[in-house]
Each structure stands twice: as C-alpha cells, then as structure tokens.
Amino acid sequence: MANCKITPTPVDSKSKLSASDGDPVSNPTLYRSLAGALKYLTFTRSDISYVVQQVCLFMHASREPHFTALKRIIRYVKCTLDYGLHLYPSAPTKLISYTNADWTGCPDTRRSTSGYCVFLCDNLISWSVKRQATLSRSSIEAEYRGVANVVAEICWLRNLLLEIHCPLRKASMVYCDNIFVIYLFHNPVQHQRTNHIEMDIHFAREKVAIGHVKVLHVPSSYQYADIFTKGL
C-alpha cells in the first residue's frame, strides 16, 4: 500500500464493525500481522488507539469489512506520517485525566467501550481503550466503570512518581462529562440501582475521600477522551 490513496480520518464514524458482516478474509495471517503492527504504533499514536482496538477484536475471525477498516487505518497513517507523541520538559506537579464511555457501543454484545487519557502537566503519558468485561445497564454505570479504571491508573502513576522521588502534593483531577456520575461521588448513600457496581464505587470514593483524586465535570466539547471511545 505504498502508493495507496490517503484519507484524513482513520475510521468511518457512521457505522461500527460487527462480527457477522461480510465474508471471511482470504488471508487471516496477513490480517493479524497488520493489526499487530498497528498495535505497536499506538505506543506513540494515541489518535488511532480506538480504531486499532476495534480491528483487534476480530483477530480470531476476521472478515472483509474488518480488513477494509484496517486498510483505512494504513491510508490514514500514510496521510499523517509527521504525527507523533510530543513530550516537553516540565516539573511533574499534577496529573490530569479525562475519561469517557460509549454505552452499549458494541453491536454484537452491547458492551460499552471505555477510554481515558492521563496528562502529566502538559504531556500525555498514558491512555487506554478497552471494551468493558461486563454489560452495563445504564450509561451512568458505564461511565462509572470508566472513572474507576482511570482512578486505578492514577494510583499507579502516583506511586511510580513517589518511587522516583517526585511525589505529587495535590489531588489528581479526573474529568468526566456525565454529571450524574459526579453526583454519585459526592452522595454517600448507596442506592439499590448501584449495588451491582459497589466495588468500583467504594474503590473510587476511597481515593476521593483521602484526597488523592478529584472528580470534576467537563463539557462534552472539551472531552479529550472522546477520541478513545468512538470514531470522530
């Protein structure tokens, strides 16, 4: 594909990949090889993390629409060869993270996809895109699981900074665009509808209570984590 046509976006935002669409690919080994190579590229190209995660879901039974989506990523990479991860010198004084979830986004399992990104001052140092292991019965549950995931990542990063003698003195900020999730963090009363995610609630609230984390609301227009949960 050295002479392929370029495309300015890595994914078609109007449709999502399904496990049952199209015919099986003629060369599954090639599909897995290309998907694996793109997986390594996400180490410095966070902008393709979502779509690479989507094509990697079908490595066991890839089909032609999945291969078409994979080749579109390659055309996008060719269009953006000068893109990369930029790191700038700065004092490690604060961690800021953004988290979001695409509720019931998978057309086959109706499981949600959650994603987050973490900034150390102005530098992007950690990001993740994952399909949630369980089915969420509401968008609040899906968003709350996403917040719990990024809180766990923040705890690990804070401990890492402590070990290299750069402890953080201030609480780490977690920005979420679901205002009802913010209310759950400040409401100490357990409701019946949240009992099934009680472990995530207790874990995240504990970190908020001891002052390591603050969960704040951010408008959707400023939600950086959107790029990790859907095609834009």
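Residues numbered from 1 in each chain as written. Predicted model: local features only at pLDDT ≥ 70, side-chain atom pairs only at ≥ 80, totals over all residues. Heavy atoms only, no water.

A. Expanded view of the packing of helix α4 (residues 139-163) against helix α5 (residues 179-186). Between α4 and α5, the least distance of the axes is 9 Å, while the angle of their chain directions is 65°. Here α4 runs over α5; the crossing is right-handed. Along the contact surface, α4 presents Ile 140, Glu 143, Tyr 144 and Val 147, while α5 presents Phe 180, Val 181, Leu 184 and Phe 185. By residue class, the composition of the contact of α4 with α5 is seven nonpolar, no polar and one charged. (Axes fitted to C-alpha atoms, helices over the stretch in contact; angles between N-to-C directions. Helix = DSSP H or I, 4+ residues; strand = E, 2+ residues; numbered from the N terminus. Left-handed = near helix turned anticlockwise from the far one by under 90°. Contact = heavy atoms within 4.5 Å. Nonpolar A, V, L, I, M, F, W, Y, C, P; charged D, E, K, R; others polar.)

B. The arrangement of the packing of aromatic side chains in detail. The final tally for this structure, using the stated rule, is seven aromatic pairs. Aromatic pair Tyr 31 and Phe 67: ring centres 6.0 Å apart, planes at 70°, arrangement edge-to-face. Of this pair, Tyr 31 sits in helix α1 (residues 28-41) while Phe 67 sits in helix α3 (residues 64-79), placing them 36 residues apart in sequence. A residue is classified by how much of its surface remains accessible, and Phe 67, at 14% relative accessible area, is buried. Each residue in the set Tyr 98, Phe 119, Tyr 175 and Tyr 224 is aromatic and connected to the rest through ring pairs, giving one cluster. (Phe/Tyr/Trp six-rings, centres within 6.5 Å; stacked < 30°, edge-to-face > 60°. Buried < 20%, exposed > 50% of the residue type's maximum accessible area, 1.4 Å probe, protein only.)

C. Just unusual backbone geometry, in detail. Positive phi, normally seen in glycine, also occurs at Arg 110, with a value near 60°. Mapped onto the secondary structure, Arg 110 falls in the loop between β1 (95-102) and β2 (113-120). A positive phi angle is found at His 165, which is not glycine, with a value near 65°. Owing to a relative accessible area of 70%, His 165 belongs among the exposed residues under this scheme.

D. Here's a closer look at the pairing of β2. Where burial is concerned, most of β2 is hidden: eight out of the eight residues are buried. On β2, burial covers both faces: Thr 113, Gly 115, Cys 117 and Phe 119 on one face and Ser 114, Tyr 116, Val 118 and Leu 120 on the other are all buried. Sheet topology places β1 next to β2; eight bridges connect them, and they run antiparallel. Its bridge partner being in β2, Thr 99 is matched across the sheet by Tyr 116. Two elements, β2 and strand β3 (residues 123-131), share eight bridges in a ladder whose sense is antiparallel. When the sheet's bridge partners are listed, Ser 114 is paired in β3 with Lys 130. Here β2 hands over to β3 after two residues, with Cys 121 in that stretch at a positive phi of 55°. (Pairing = 2+ DSSP bridges.)

E. Spotlight on the packing of α1 against helix α2 (residues 49-56). Following both chains from N to C, one finds α1 and α2 inclined at 150°, their axes separated by 10 Å at the closest point. Relative to α2, the element α1 lies roughly antiparallel. Between α1 and α2 the crossing geometry is left-handed. In this structure, α1 uses Tyr 31, Ala 35, Leu 38 and Lys 39 to contact α2, whose residues at the interface are Val 52, Val 55 and Cys 56. Residues belonging to the contact of α1 with α2 are distributed by class as follows: six nonpolar, no polar and one charged. (Parallel < 35°, antiparallel > 145°, perpendicular 65-115°, else oblique.)

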